[in-house]
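Now for the letters of each chain:
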Amino acid sequence: MIDGNKVLFSGMQATGTLTLGNYLGALKNWVTLSDEYQCFYSVVDLHSITVRQDPAELRKRARNLLTLYIAAGLDPEKNCIYYQSQVSGHAELSWILNCFTYMGELNRMTQYKDKAAKHADNINAGLFTYPVLMAADILLYQSDVVPVGKDQLQHLEITRDIAQRFNAIYGDVFTIPEPYIGKAGAKIMSLQDPSKKMSKSDENANASIYLMDDPDTIIRKFKRAVTDSEACVRYREEQPGICNLIDIYCACTGKTPEEVEKEFDGKGYGDFKLAVGEAVVDVLKPVQERFADLCKDKAYIDGIIKTNAEKANYYATKTLRKVQKKVGFPERIR
Ligand code: ATP
Ligand code: LTN
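Residues numbered from 1 in each chain as written. Chains lettered and ligands numbered in written order. Predicted model: local features only at pLDDT ≥ 70, side-chain atom pairs only at ≥ 80, totals over all residues. Heavy atoms only, no water.

Which residues make up the pattern of salt bridges, and what values go with them?
Throughout the structure, instances matching the rule amount to 17 salt bridges. Across the salt bridge formed by arginine 61 and glutamate 57, the nearest N and O atoms sit 3.4 Å from each other. Taken as a pair, arginine 61 and glutamate 57 lie in helix α3 (residues 55–71) at a separation of 4 residues, close to a single helical turn. By relative accessible area, arginine 61 is classed as partly exposed at 29%. Note that lysine 285 is salt-bridged to glutamate 289, the shortest N-O span being 3.9 Å. Within this pair, lysine 285 and its partner glutamate 289 are both found in helix α12 (residues 269–296), separated by 4 residues, close to a single helical turn. The class of lysine 285 is partly exposed, set by a relative accessible area of 44%. In this structure, a network of salt bridges that share partners links the residues Arg63, Lys298 and Asp302. (Salt bridge = Lys/Arg side-chain N within 4 Å of Asp/Glu carboxyl O. Helix = DSSP H or I, 4+ residues; strand = E, 2+ residues; numbered from the N terminus. Buried < 20%, exposed > 50% of the residue type's maximum accessible area, 1.4 Å probe, protein only.)

As C-alpha cells, then:
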C-alpha cells in the first residue's frame, strides 16, 4: 500500500518497436488501471541486455518507449514512469532473490527456452535468471497487481513462489502479487502465423502492426493477414486467423465477438479485414500524434525522468533495506 492505495507494477522491454500486441495486451490496460492504483511503469532496460543490443540504439528505443507510455495516456505526474537501470535496487534485490530460486524452476520457463533457441550463440546467465530480475522488479515495490499479457503468467507464478518462500523463512516481507490479464487483447497473434504471438522481435514485418505504422501500412498488412478458406466471419477454433482479427477488432471497438459475427454476417473477408484495419488506425492515430508532440519537448521528458527516478528509488530502497536486514547484512553506511 502507498498512501492507502494498492500498488501496481508493470514493465516493457525496449527491444524492437512496440506492436499492436504490446498495446492491446498491456499498455491500453495500464491506462485503464492507472486511476485505481499507485502505479509503477518501468522501461526494463536491464532485461534488454539479456540479448545483445547496440548501445546507441538501446538508449534511443528506451527513451521512445518511455515517451510512448505517456503518449498512450499514462499521466507521469500520477504514475511513476521510469528506467529500471536508474534504480539500483532492482539489480541488488535480484541477486538476493537468485539465492532463493532453484535451477529446476528456471529451467521450466518457456520464454527462456524460446529465447535460448533463438539466440543459440548467446545463451547467457542473464537470460536464464531473467525471471528472477522480473520478480525483483515486482517485489521491490510491494506490488499487489501486475498487468501482463498471457505469455508472462509463468513469470508471475515464479515471482509468487519466490516471495512465498522468502516470507516463509523471514516473516511477512513481500506482498504476494496477483496477475491481471485484460479481457480483450490478452494474446494478439501474428498476422502471418496465427499460432505464434505477435512479437516485436518477429523478423517478418508483415506479421506485426507497429505502433508507429502509418494508416496505409496498417490497412495493407491487414489485407495480407493469413486467414483460411471458410470465408465467413465466425469465432471458431478452426479459424485461428479470423479469431485473431475478431479479437483485435473487439479490443479496438469494445464490441463482443457475437456482435462482430452479426455485423459481418454474409460479408466476406475483404470487408472485415478493411474494418479491422480502420479500427486499428483510429485507435493508434491519437497515440502517434501525442508521441510526435512529446518528442519535441525534450526538457519536459527530461524532467519527468528525473523526478520519477527519484520517486521509484525512494520506494525501492525502503523494501531493499528491509530485505538486507532480514538476510543478515550490516546496516548501510550513509
Ligand atoms: P519480444 O519479442 O522482444 O520478446 P514482446 O513483443 O513479446 O517482445 P514484451 O516486451 O515481452 O514484448 O512484452 C511487453 C508486454 O506486452 C507484456 O506485458 C506482454 O505480455 C505484452 N505482450 C507482448 N506481446 C503480446 C501479444 N502478442 N498479445 C498480447 N500481449 C502481448
Ligand atoms: N518480462 C516482461 C517484461 C517485464 C515485466 C516486469 C512485466 C520485466 N519486468 C515486471 C511485468 C512486471 C516481458 O518480457 N514482457
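Describe the site of ligand 1, with residues and values.
In the vicinity of ligand 1 lie 21 residues, with Asp151, Ile188, Lys197, Ser199 and Ser201 positioned nearest. Here an oxygen atom of ligand 1 and a side-chain polar atom of lysine 200 are 2.7 Å apart. Protein coverage of the free-state accessible area of ligand 1, which is 600 Å², stands at 96%. Examining the composition of the shell around ligand 1, we find that 4 residues originate from one element, helix α1 (residues 20–33), more than from any other. (Near = heavy atom within 4 Å. Polar contact = N/O pair within 3.5 Å; in protein donor to acceptor, adjacent residues only side chain to side chain. Areas by Shrake-Rupley, 256 points an atom, 1.4 Å probe, with all protein chains shown as cover.)

Outline the packing of helix α4 (residues 89–98) against helix α13 (residues 298–327), supporting the account with residue identities and numerical values.
Where α4 contacts α13, the axes come no closer than 10 Å and their chain directions differ by 25°. Judged on the interaxial angle alone, α13 and α4 are roughly parallel. When you trace α4 past α13, the crossing you get is left-handed. Across the interface between the two elements, Gly89, Glu92, Leu93 and Ile96 of α4 pack against Leu320, Val323, Gln324 and Val327 of α13. For the contact of α4 with α13, a count of residues per class yields 5 nonpolar, 2 polar and 1 charged. (Axes fitted to C-alpha atoms, helices over the stretch in contact; angles between N-to-C directions. Parallel < 35°, antiparallel > 145°, perpendicular 65-115°, else oblique. Left-handed = near helix turned anticlockwise from the far one by under 90°. Contact = heavy atoms within 4.5 Å. Nonpolar A, V, L, I, M, F, W, Y, C, P; charged D, E, K, R; others polar.)

Tell me what's going on with the pairing of strand β1 (residues 7–12), and back it up with residues and numbers.
Burial of β1 is extensive: 5 of the 6 residues sit out of reach of the surface. Where β1 and strand β2 (residues 38–43) come together, 6 bridges link them in parallel fashion. Opposite phenylalanine 9, over in β2, you have phenylalanine 40 as the bridge partner. Each parallel crossover has a hand, and for β1 linked through α1 to β2 it is right-handed. (Pairing = 2+ DSSP bridges. Right-handed = clockwise from strand over helix to strand, strands pointing away.)

Give a detailed account of the environment of glutamate 278, specifying residues and quantitative values.
With respect to the secondary-structure elements, glutamate 278 resides in helix α12. For the pair glutamate 278 and aspartate 216, spaced 62 residues apart in the sequence, the C-alpha separation amounts to 9.8 Å.

Could you give me a rundown of the site of ligand 2, with the residues and numbers involved?
Looking at ligand 2, there are 14 residues lining it, with Phe9, Tyr130, Met134, Asp137 and Gln152 nearest. Contacts to ligand 2 include aspartate 137, whose side-chain N or O atom sits 2.7 Å from a nitrogen atom. In this structure, a nitrogen atom belonging to ligand 2 sits 3.1 Å away from a side-chain N or O atom of glutamine 152. The fraction of the free accessible surface of ligand 2 (360 Å²) that becomes covered by protein chains is 90%.

Give me the nonpolar core: which residues, what numbers.
Core analysis: the largest hydrophobic core is formed by 63 residues, its most contacted members being Leu27, Tyr69, Phe222, Ile248, Phe272 and Val280. With 12 residues, the single largest contributor to this core is α12. By size, the runner-up hydrophobic cluster in this structure holds 40 residues, among which are Ile2, Phe9, Phe100 and Ile158. (Core = buried A, V, L, I, M, F, W, Y, C linked by side-chain atoms within 4.5 Å.)

Could you give an account of helix α8 (residues 153–170), naming the residues involved and the relevant values?
Given a rise of 1.5 Å per residue, 18 residues ought to cover 26 Å, and the 26 Å separating the end C-alpha atoms of α8 matches this to within 8%. Taken together, the buried positions of α8 are occupied by His155, Leu156, Ile158, Thr159, Arg160, Ile162, Ala163, Phe166 and Asn167. Following α8 by one or two positions, glycine 171 has its phi on the positive side, about 95°. (Expected span 1.5 Å × (residues − 1).)

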